[in-house]
Amino acid sequence: MLKNSKIYVAGHRGMVGSAIVRKLQNEGFINIITRTSKELDLRSQMAVESFFEEEQPEYVFLAAAKVGGIQANNTFRAEFLYDNLMMEANIIHAAYRNGVEKLMFLGSSCIYPKLAPQPLKEEYLLTGPLEQTNEPYAIAKIAGIKLCEAYRDQYGCNFISVMPTNLYGYNDNYDLNNSHVLPALIRKFHEAKENGAPTVTVWGTGSPRREFLFADDLADACLYLMEHYNGRELVNIGTGEDITIKDLALLVKDVVQFEGGLEFDTTKPDGTPRKLMDVYKLHSLGYKHSTSLEEGISLAYADFKNKIVEV
Ligand SMILES: NC(=O)c1ccc[n+]([C@@H]2O[C@H](COP(=O)([O-])OP(=O)(O)OC[C@H]3O[C@@H](n4cnc5c(N)ncnc54)[C@H](OP(=O)(O)O)[C@@H]3O)[C@@H](O)[C@H]2O)c1
Ligand SMILES: C[C@@H]1O[C@H](OP(=O)(O)OP(=O)(O)OC[C@H]2O[C@@H](n3cnc4c(=O)[nH]c(N)nc43)[C@H](O)[C@@H]2O)[C@@H](O)[C@H](O)[C@@H]1O
């Protein structure tokens, strides 16, 4: 990408999209185009085609999606399947029709089978049944991967797919019903501390393991791979380290300096027991994350506190 290349970041207001825009700006890219979902509903094929015909982007980061944690995925199953299918199909097809130089599709670690061997290698895709709570979302993401592969095979498009692990960071979603675990715990511990509550409720048993990558590190990896990777195969993006939900909760408790206890609500689902990414390919391509979980949680917590002050 040249500094004046026309780069479209779909989903620029989201946690990942905003991190990618921040990284592009910091690297001196001066021709970044964006649209909010109100300006451009990516589920509309006509609107997406008109946008691409008019703007003719050269590079596309496809970071727009219907995104949420385990409860949101399990509640809004139709929306997670339909919205994500429509957005990716419209953008990928319009990118092909308008001769986009290169497109990056963002999938997710939930595409891998629920009980696949750990750590998850890219070739484990479609080798077993998926986790039920986020199967619609995972199916949509797998369809996005297959679209990129098929457009490469049939039309020679340079469309690449990357699979991020669980993410957190600036501009995260802190809605307790729809968010992922880490932002939810940050908010719960903060509010418990402020309100003098004796305990914080953690969903599930606390025994599942999860891997967490700081969103700005993901953005770094996305730019690195957009510049250096042109392959057909998936690339996992993660830290290669995971932690139990219970130990994560204790870590957040310490960062927030909450002095009460934990309670576990086992009426809530645990989801996949473990989904640790094998990051050998990413590392062999020359990229490794830089933000530790402890440091990242402190940064995310500071951002959360700034946001509630803003409100
Ligand atoms: N967060 C994670 O833990 C995680 C983990 C793995 C992979 N990912 C992937 O990373 C990408 C970004 O995730 P995120 O956490 O940044 O999500 P996010 O914060 O919820 O942002 C999603 C973005 O998508 C846009 N969007 C949603 N529906 C749209 C529509 N119908 N038309 C146009 N834009 C629409 C939203 O735009 P507006 O703000 O303008 O409405 C928003 O900016 C997604 O592909 C997700 O699957 C996320
Ligand atoms: C990367 C993302 O992974 C997601 O799966 P997944 O990690 O289970 O999604 P999370 O919602 O982050 O849940 C991870 C684990 O944390 C537990 N957990 C504990 N307390 C909480 C809480 O207060 N809120 C939430 N949300 N969880 C909590 C939850 O039960 C589950 O075992 C997929 O649903 C997404 O689609 C995406 O793929």
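Scroll up a little and you will see the structure.
Treat the numbers as computed from the prediction; the structure is a model and nothing was measured.

Attention now goes to unusual backbone geometry. In this structure, Pro119 follows Gln118 across a cis peptide bond, with omega equal to -5 degrees. Summarising the element assignment, Pro119 is placed in the loop between β4 (102–106) and α5 (135–155). Phi at Gln257 is positive, roughly 65 degrees, even though this residue is not glycine. With respect to the element layout, Gln257 can be found in the loop between α8 (245–256) and β12 (261–265).

With that settled, the discussion passes to the pattern of salt bridges. Enumeration over the complete set of coordinates arrives at 18 salt bridges. One salt bridge in this structure joins Lys6 and Glu55, with 2.9 Å as the shortest N-O distance. Of this pair, Lys6 sits in the segment before β1 (7–10) while Glu55 sits in helix α2 (residues 45–55); the two residues are 49 residues apart in sequence, bridging distant segments of the chain. Taking the shortest distance from any N to any O, the salt bridge between Arg232 and Asp153 comes out at 2.7 Å. Taken together, the residues span a long stretch of sequence, with Arg232 in the loop between α7 (215–228) and β10 (235–237) and Asp153 in helix α5 at a distance of 79 residues.

The subject of this paragraph is the site of ligand 1. The local shell around ligand 1 holds 26 residues, among which Met15, Val16, Ser37, Tyr137 and Lys141 are the closest. Take Gly14: an N or O atom from its main chain is 3.0 Å from an oxygen atom of ligand 1. Residue Asp41 places a side-chain N or O atom 3.0 Å away from a nitrogen atom belonging to ligand 1. Every element with two or more residues in the shell around ligand 1 is listed here: α1 (15–26), α5 and β6 (166–168). Looking at the shell around ligand 1 residue by residue, the classes come out as 13 nonpolar, nine polar and four charged.

Reading the values: rules and limits
Residues numbered from 1 in each chain as written. Chains lettered and ligands numbered in written order. Predicted model: local features only at pLDDT ≥ 70, side-chain atom pairs only at ≥ 80, totals over all residues. Heavy atoms only, no water. Helix = DSSP H or I, 4+ residues; strand = E, 2+ residues; numbered from the N terminus. Salt bridge = Lys/Arg side-chain N within 4 Å of Asp/Glu carboxyl O. Near = heavy atom within 4 Å. Polar contact = N/O pair within 3.5 Å; in protein donor to acceptor, adjacent residues only side chain to side chain. Nonpolar A, V, L, I, M, F, W, Y, C, P; charged D, E, K, R; others polar.

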